[in-house]
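Structural description and commentary
Listed below are the residues making up each chain.
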Amino acid sequence: MSDYQETLYDGYGQRFRIDQMLHEVRTEHQHLVIFQNARMGRVMALDGVIQTTEADEFIYHEMLTHVPILAHGRAKRVLIIGGGDGGMLREVAKHRSVEHITMVEIDGTVVDMCKQFLPNHSCGAFDDPRLNLVIDDGMRFVATTAEKFDVIISDSTDPIGPGEVLFSENFYEACRRCLNDGGILVTQNGTPFMQLGEVQTTASRMHGLFADWHFYMAAVPTYIGGSMTFAWGSTDAEYRKLSLDTLRQRFAGSGIVTRYYNPEIHQGAFALPQYVLQAIHKPSND
């Protein structure tokens, strides 16, 4: 049995035992492996970086979908950028009130491989009639589409390789243009303890674009470095200040069963550690 050593950070990282290699391929865009690990189930990595595991993917996917969709309260059209493993799509599709889901993934091979080797991520969601699956560059899509969305979820890889452009100023501007009035953008933003510079960069880009911008957090064991930040940009500051009663009503009304998300977690996730607040020049009571 061999080990898989993650290469995200120099001199610090994590390793997984490969109990069984299920698939390895060099796609048009990246090197993809899917293997079995006794503790984490099936694991996918791209270009030396762990992307998702069966054991803890629910935390990441629930927090990037239910927080913006339930905060919005009336989201009919949702855009997912990235997310080829299908986990984000599975959670968005649980919202019966969502009428149309567009998913833009740069690498069609990732979708095909994950349907085959990580079927529990999508749970059949790729067959949802509300889905429009587009195999294209996410940046190009948001820069050129005439469509508008209520919620945009950027489920990108880290800002290296194919995912780099999804952290650019142009990308955030294009997403802002694609949002309906009252729309919300959320993006994966790395672990702030290890990637504080990226959080600061995103903060400076969101600052000029959104009336209300912030970050929220969740601890996902697979993403080495502690809690992970998600960027939040909205045209309406009220979305972030919803009462617990309102969130409880909406969550109960959705009928969705979760393993991580609940209204209390939703509200608490926006409380940020002092070092993050200082880095993005925000007071703790914002």
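Residues numbered from 1 in each chain as written. Predicted model: local features only at pLDDT ≥ 70, side-chain atom pairs only at ≥ 80, totals over all residues. Heavy atoms only, no water.

1. Concerning the packing of helix H1 (residues 57-72) against helix H8 (residues 244-254)
Packing of H1 against H8 brings their axes to within 10 Å, and their N-to-C directions diverge by 110°. By the angle between their axes, H1 is roughly perpendicular relative to H8. Contacts from Leu-70, Ala-71 and His-72 in H1 reach Arg-250, Phe-251 and Ser-254 in H8. Here the residues of the contact of H1 with H8 sort into three nonpolar, two polar and one charged. (Axes fitted to C-alpha atoms, helices over the stretch in contact; angles between N-to-C directions. Helix = DSSP H or I, 4+ residues; strand = E, 2+ residues; numbered from the N terminus. Parallel < 35°, antiparallel > 145°, perpendicular 65-115°, else oblique. Contact = heavy atoms within 4.5 Å. Nonpolar A, V, L, I, M, F, W, Y, C, P; charged D, E, K, R; others polar.)

2. Section: the packing of aromatic side chains
The full count for this structure, using the stated rule, is 13 aromatic pairs. Where Phe-251 meets Tyr-261, the ring centres are 5.2 Å apart and the plane angle is 70°; that geometry is what we call edge-to-face. Residue Phe-251 is located in helix H8, and its partner Tyr-261 is located in the loop between H8 and helix H9 (263-268); the two are separated by ten residues in the primary sequence. Among the residues examined, Phe-251 registers a relative accessible area of 16% and is labelled buried. Given a relative accessible area of 2%, Tyr-261 falls into the buried group. Ring pairs connect the aromatic residues Tyr-60, Tyr-216, Tyr-223, Phe-230, Trp-232 and Phe-270, which therefore count as one cluster. Over the ring of Phe-126 we find Lys-115; its NZ or CZ atom is 5.1 Å from the centre of that ring. The ring of Phe-58 carries the charged tip of Arg-259 above its face, separated from the ring centre by 3.8 Å. (Phe/Tyr/Trp six-rings, centres within 6.5 Å; stacked < 30°, edge-to-face > 60°. Buried < 20%, exposed > 50% of the residue type's maximum accessible area, 1.4 Å probe, protein only. Lys NZ or Arg CZ within 6 Å of the ring centre and 35° of its normal.)

3. Observations concerning the nonpolar core
Residues Tyr-216 and Trp-232 are the most contacted members of the largest nonpolar core, which totals 41 residues. Looking at this core element by element, the count peaks at nine residues for H1. Counting residues in each nonpolar core, the second largest holds 28 residues, with Leu-79, Phe-171, Leu-185 and Val-199 among its members. (Core = buried A, V, L, I, M, F, W, Y, C linked by side-chain atoms within 4.5 Å.)

4. Thoughts on the environment of Met-139
Within the secondary structure, Met-139 sits in helix H5 (residues 138-144). With 97 residues separating them in the primary sequence, Met-139 and Asp-236 have C-alpha atoms 24 Å apart.

5. Brief notes about the sheet that holds strand E13 (residues 228-234)
Ordered by their spatial adjacency, seven strands build an open sheet running E9-E8-E7-E10-E11-E13-E12, and the pairing between neighbours is mixed. The open sheet is flanked by strand E9 (131-135) and strand E12 (212-218), the only strands paired with a single partner. Between one strand and the next, the sheet's axes are offset by a mean angle of 15°, whatever the strand orientation. In this structure, strand E7 (residues 77-82) lies alongside strand E10 (residues 149-155), joined through five bridges in parallel fashion. Looking at E10, one finds that Gly-82 is bridged to Asp-155. Sheet contacts for H1: E7, E10, strand E11 (179-188), E12 and E13; angle to E11, the most-contacted strand, approximately 165°. (Pairing = 2+ DSSP bridges.)

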